[in-house]
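Below, each chain spelled out in residue letters.
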Amino acid sequence: MKKIPLILFLLLMITGFSQENLSYQKPSKEILDLVDAPLAPSVLMTDDGKYMVFLYRDYYKSIEELSETELRLAGLRINPKTNIGSRTNYYNNIKLKKVGDGEAMQVNNMPENPRLANFSWSPDQSKIAVTNTTAEGVEVWVLDLAQAQLSKLTDANVNANMRDVINWFKDGQSILVKMLPNDRKELIDVAEAVPVGPTISTNNGKKAQNRTYQDLLKNPNDEFNFEQLAQSELYKVNLDGSKSKWLDAAMYSTISFSPDGNYVLVTNVKKPFSYLVPYYRFPATTTIYNSQGDLVSSLLEVPLIEDLPKGFMAVRMGIREVSWRNDKPASIVYAEALDEGDPEKETEYRDEVFQLDAPFSDKAKSLLKLKNRYYRIEWGNDETAIAHDYWWNDRNTKSYLFDPSDASEQPKIIADRNYQDVYSDPGDFVTKRNNYGVEVLALDGNNAYLLGDGFTEDGQFPFVDKMDLASLEKTRLYTSKIEGKKENLLNYDVQEDKLLVRIESPSEYPNYYHKSLIKRKGPVQLTDFENPFKSLQDVHKEVITYKRDDGLELSGTLYLPIGYDKAKKEKKPMILWAYPREYKDKNSASQNTQNPNEFTYPHWGSPIFWVTKGYVVLDDAAFPIIGEGDEQPNDTFRSQLVANAKAAIDAVDAMGYIDRDRVAVGGHSYGAFMVANLLSHSDLFAAGIARSGAYNRTLTPFGFQSEERNYWEAPEVYYTMSPFMHADKMNTPLLLVHGEADNNSGTYPMQSERYFNALKGLGATVRLVMLPKESHGYRAKESILHLLWEQDQWLEKFVKQKEDDSQLELEEPMRKD
């Protein structure tokens, strides 16, 4: 073996074992130009198609914004100074366009340095209420569409900490707003507070198997601060600015007006709090008031929920899923479990749905029983409604056509399918706003209408179907077959015969159009957004299909480098990016849901940036993990993972585009977990990038991702799947990235820190980048640019410029299983 000079050895030791004090870096110009490209606005549209509202925002926050004061309490992240979620996305400009007119007009009287959120249509859609966050707090403003003008409605004393902050009264002249109580107590500075005793948690023998939630309450000081921040007074605020108190202070969470506006359903959080679960599983009461704020009925009291039965389909006993019936003036609908909320108990029906009419004093009547767990109901009229249920364990979903006025009439099951089987998806029923201003089925006599994504073995062909609810026969009204483009069907106005669509291509930014199905008029273009990513518009893009060793068909979206000559077929380095998904059958797992005509959009986490740097990219490569029958997907997780990766590399290699010795693999969250496993148990890759992952499954002992079993039920599965347990097998360079403030269940920052320490201790080539203030998804522009720089440096060093192994005298690498 070659001798290494002593000075070089010492330098390598320093480099290999020291930290780097590095300021935020920026990637190369090719990548930076794409990051800095201006975004097209988000679009809101009135149901009558008269107005379009364009909402503009910066795609990234700044690290200064993320560094504002933040309290993490009971699953919430709150800015205690402004009293709104500290991670809220804000819009900074609004433009308005009358459909059929030319350019969009700038809305007048915008607030200074606008930070707009919580957009809420008035019942007649003539106005939009919105919150504006200032340095002092949250205000409510109102946009008048006819005047194209914003008006300030309240001072900066709104409490948006628990969301659901704006609710319109049905006359459209007043808004029910959560306001800060005048007597709110000063918050405790937890960092400076002197403890008065230990924090103690107890259990009386009940099983409480919960996910590893983050941002939970930890001590009595947290409890105090949460209560102060959650409390609001409810005020009725008129559009002239006058206001009156509607309800006294409480920890209000959800608020909902009945369709006729005469009643209000209010849920508020109660004590005792919990250190195990987020606020939405704290005790709560649900109460019905009239529109004047007078108590009508105390509908429901829910206790603290820490000890549900085991399983993803477990629910609490009693009334749950409370909502208004949209086609009635004031009728409450709710579900109750018929299996005691325990998915392991065998019953013919799992849930029963009830209706309780105003004034809510009579006994509720049964509407129907469901084979699976209640999901939702789409209301039509007195005789027509469609209920949906689902069951996670076998991925089954059913849709029931039933008569709400006659519970004795047996519901018709109009769909009974595997919800992961996209080829059999019948589509979503078209809805419209009724005279109450809420969504109901768009019925035309006995006919209902469906908009479908239209995935098939031959590609994606979105469709519009008419369904006769009497015979259940369908008629295909429209199939999208625009050559070289993708068409998304958004809404169909049955009466006006107006189909709202969004059309895009790999080089054409998505734009909105109106089409006519019956009259067969040509499409009317509503927007004209330009492609901001010009450097990518000529990149070759295709969806490829290939087979795993066991014959399972897989797919991925392949991008070739800018300027690549397909005739010469120069072998380039490749980045494979993926995310594993679990299935209970091979048919669903093999289906292709990718469309080559989709607009090429390099979002912050995308590998597409690297087509500008000479890389082939296989994005969204299919990584199904299948467990049929009694077998669970994770029983063979590792072997299927490696098989998926090998099939993807073999497929692109067979096309002649890549040097298979220079392939990197990357993923985020569960994709990062995938990366670490692939590098530990295969020799397929030159390097890996793993962002915000979890690597030791014993730290998530009561389930993770789609794994229902706890550690003590399946210890071998947890051990086998944990890259941390196999750190000694890692001999491929791995870049670990994690947000220091990750709030995702299971992906504590400690996961990356401990994994890095294990790899470092065992001599692996590894780099850990901890991004300050960042959560599970990264938000600050400084963080995103540095992330892209880190990834680019890693790929250049260990993939593109990978040394020829034949020039190195290395010991034989450890064999991998």
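The shown structure was predicted, so the numbers you read here are calculated from the model rather than taken from an experiment.

Undergrad: Which parts of the structure should I look at to understand the sheet that holds strand S33 (residues 463–468)?
TA: Strands belonging to one sheet form pairs held by backbone hydrogen bonds; the direction of such a pair is parallel or antiparallel. Read across the open sheet, the 4 strands follow the order S27-S30-S33-S34; overall the sheet is antiparallel. Edge positions in the sheet fall to strand S27 (428–429) and strand S34 (474–479), since each of these pairs with one other strand and no more.

Undergrad: Explain the pattern of salt bridges to me, please; I cannot follow it from the model alone.
TA: It is possible for side chains bearing opposite charge to pair when their charged atoms get close. The full count for this structure, using the stated rule, is 38 salt bridges. Note that glutamate 598 is salt-bridged to lysine 486, the shortest N-O span being 2.9 Å. In this pair, glutamate 598 sits in the loop between helix H5 (586–589) and strand S43 (616–621) while lysine 486 sits in strand S35 (residues 486–493), placing the two residues 112 residues apart along the sequence. Relative accessible area serves as the criterion here: at 10%, lysine 486 is assigned to the buried category.

Undergrad: Before we go on, may I ask you to explain unusual backbone geometry in this structure?
TA: Keep in mind that most residues, glycine aside, have a negative phi and that most peptide bonds are trans. Cis rather than trans, the peptide bond between lysine 271 and proline 272 has omega equal to 5°. Residue placement: proline 272 occurs in the loop between strand S16 (263–269) and strand S17 (284–290). In the segment running from alanine 358 into proline 359, the intervening peptide bond is cis, with an omega of 10°. For proline 359, the location among the structural elements is in the loop between strand S21 (351–357) and strand S22 (365–370). Here asparagine 118, not a glycine, exhibits a phi torsion of approximately 55°, which is positive. Here asparagine 118 is to be found in strand S8 (residues 116–121). Relative accessible area serves as the criterion here: at 30%, asparagine 118 is assigned to the partly exposed category. One non-glycine residue, serine 692, adopts positive backbone phi at about 55°. Mapped onto the fold, serine 692 is located in the loop between strand S46 (687–691) and helix H8 (715–721).

Undergrad: Which parts of the structure should I look at to understand empty space enclosed by the protein?
TA: A probe as big as a water molecule, rolled over the atoms, marks out the empty space that is left. Taken as a whole and assessed by the stated rule, the structure comprises 4 cavities of 30 Å³ or more. The space that makes up the largest cavity amounts to roughly 70 Å³. If you trace the largest cavity, you find it lined by Leu34, Val35, Ala37, Leu39, Tyr59, Tyr60, Phe533, Tyr601, Pro602 and His603. Of the residues in the lining of the largest cavity, the class split is 9 nonpolar, 1 polar and no charged.

Undergrad: What's the story with the sheet that holds strand S13 (residues 174–179) in this structure? I'm lost.
TA: Strands sit in the order S12-S13-S14-S15-S16-S17-S18 across an open sheet of 7 strands; the sheet is antiparallel. Among the strands making up the open sheet, the edge pair consists of strand S12 (166–168) and strand S18 (295–302). Along the sheet, successive strands turn relative to each other by an average axial angle of 35°, direction set aside. In terms of strand pairing, S12 meets S13 through 3 bridges, oriented antiparallel. Each residue of the ladder has a partner; that of isoleucine 166, found in S13, is valine 177. Against the sheet, helix H4 (residues 220–230) engages strand S14 (232–238) and strand S15 (243–257), with an angle of about 115° to S15.

Undergrad: What should I look at first to understand the nonpolar core in this one?
TA: The nonpolar side chains of soluble globular proteins are, as a tendency, buried together. Leu576, Leu618, Phe685 and Leu734 are the most contacted members of the largest nonpolar core, which totals 58 residues. Sequence-distant contacts of leucine 734, that is, excluding residues within four places in its chain, are made with Val675, Leu679, Gly688, Ile689, Ala690, Tyr755, Leu759, Thr765, Val766, Arg767 and Trp794. The next biggest cluster of nonpolar side chains, apart from the first, holds 46 residues, and it includes Met45, Trp604, Ile784 and Leu795.

Undergrad: When you look at the side chain of asparagine 592 in this model, what are you seeing that I'm missing?
TA: Following the sequence through the fold, asparagine 592 ends up in the loop between H5 and S43. For asparagine 592, a relative accessible area of 17% corresponds to the buried category. For asparagine 592, the side chain forms a polar contact with the side chain of serine 555, separated by 3.4 Å. There is a polar contact of 2.9 Å between the side chain of asparagine 592 and the backbone nitrogen of glutamine 594. Leaving out residues up to four positions away in the same chain, asparagine 592 has contacts with Tyr423, Phe455, Val543, Thr545 and Ser555.

Undergrad: Explain the packing of aromatic side chains to me, please; I cannot follow it from the model alone.
TA: Given two aromatic rings, their pairing is described by the distance between the two centres and the angle made by the two planes. Summed over all chains, the structure comprises 35 aromatic pairs. A ring pair is formed by tyrosine 564 and tyrosine 657, whose centres lie 5.6 Å apart and whose planes are at 90°; its orientation type is edge-to-face. With tyrosine 564 in the loop between strand S40 (553–559) and strand S41 (572–578) and tyrosine 657 in the loop between helix H6 (637–654) and strand S45 (658–668), this residue pair connects regions lying 93 residues apart in the sequence. Residues tyrosine 564 and tyrosine 657 agree in their burial class; the two are buried. Their ring planes at 85° and their centres at 6.1 Å tell us that phenylalanine 609 and tryptophan 610 sit as a pair that is edge-to-face. Judged on exposure class, the residue phenylalanine 609 and its partner tryptophan 610 are both buried. When the ring centre of phenylalanine 673 is taken as reference, the NZ or CZ atom of arginine 697 above it lies at 4.5 Å.

Undergrad: I tried to follow the confidence of the model for the protein chain on my own but got confused; where do I start?
TA: Any region with low pLDDT has predicted coordinates that should not be read closely. Residues at a pLDDT of 70 or more form 96% of the protein chain, whose mean pLDDT is 93. Low confidence marks residues 1–17, where pLDDT is under 50. Its contacts with residues over four positions away, or in another chain, come to 6 contacts. Confidence over residues 804–817 falls short of pLDDT 50; this stretch has 20 contacts with residues more than four positions distant or in other chains.

Undergrad: Would you mind showing me how to read the pairing of S16 here?
TA: Within S16, 7 of the 7 residues are buried, which leaves it mostly tucked inside the rest of the structure. Across the two faces of S16 the burial is the same, with Tyr263, Leu265, Thr267 and Val269 and Val264, Val266 and Asn268 all buried. Relative to S16, S15 runs antiparallel, the two sharing 5 bridges. Among the inter-strand pairings, serine 256 is bridged to a residue of S16, identified as leucine 265. If you look at the hairpin formed by S15 and S16, you'll find 5 residues sitting between the two strands, and glycine 261 has a positive phi there, around 80°. In this sheet, S17 lies alongside S16 in antiparallel orientation, the contact comprising 7 bridges. Bridge pairing in S17 places valine 266 opposite threonine 287.

Undergrad: What am I meant to see in H6 here?
TA: An α-helical turn contains 3.6 residues, so a residue and the one three or four places further along point in the same direction. Under the 1.5 Å per step criterion, the end-to-end length of H6 is 26 Å for 18 residues, consistent within 8% with the ideal 26 Å. Those residues of H6 not exposed but buried are Phe637, Arg638, Gln640, Leu641, Ala643, Asn644, Ala645, Ala647, Ala648, Ile649, Ala651 and Val652. One or two residues past the end of H6 sits glycine 656, with phi positive at roughly 85°.

Reading the values: rules and limits
- Residues numbered from 1 in each chain as written.
- Predicted model: local features only at pLDDT ≥ 70, side-chain atom pairs only at ≥ 80, totals over all residues.
- Heavy atoms only, no water.
- Pairing = 2+ DSSP bridges.
- Helix = DSSP H or I, 4+ residues; strand = E, 2+ residues; numbered from the N terminus.
- Salt bridge = Lys/Arg side-chain N within 4 Å of Asp/Glu carboxyl O.
- Buried < 20%, exposed > 50% of the residue type's maximum accessible area, 1.4 Å probe, protein only.
- 1 Å grid on protein atoms, 1.4 Å probe; cavity = no way out; pocket = protein on both sides within 12 Å on 5 of 7 lines; lining within 4 Å.
- Points joined across faces, edges and corners; volume = space filled by probe spheres on them.
- Nonpolar A, V, L, I, M, F, W, Y, C, P; charged D, E, K, R; others polar.
- Axes fitted to C-alpha atoms, helices over the stretch in contact; angles between N-to-C directions.
- Contact = heavy atoms within 4.5 Å.
- Core = buried A, V, L, I, M, F, W, Y, C linked by side-chain atoms within 4.5 Å.
- Polar contact = N/O pair within 3.5 Å; in protein donor to acceptor, adjacent residues only side chain to side chain.
- Phe/Tyr/Trp six-rings, centres within 6.5 Å; stacked < 30°, edge-to-face > 60°.
- Lys NZ or Arg CZ within 6 Å of the ring centre and 35° of its normal.
- pLDDT = per-residue confidence, 0-100.
- Expected span 1.5 Å × (residues − 1).

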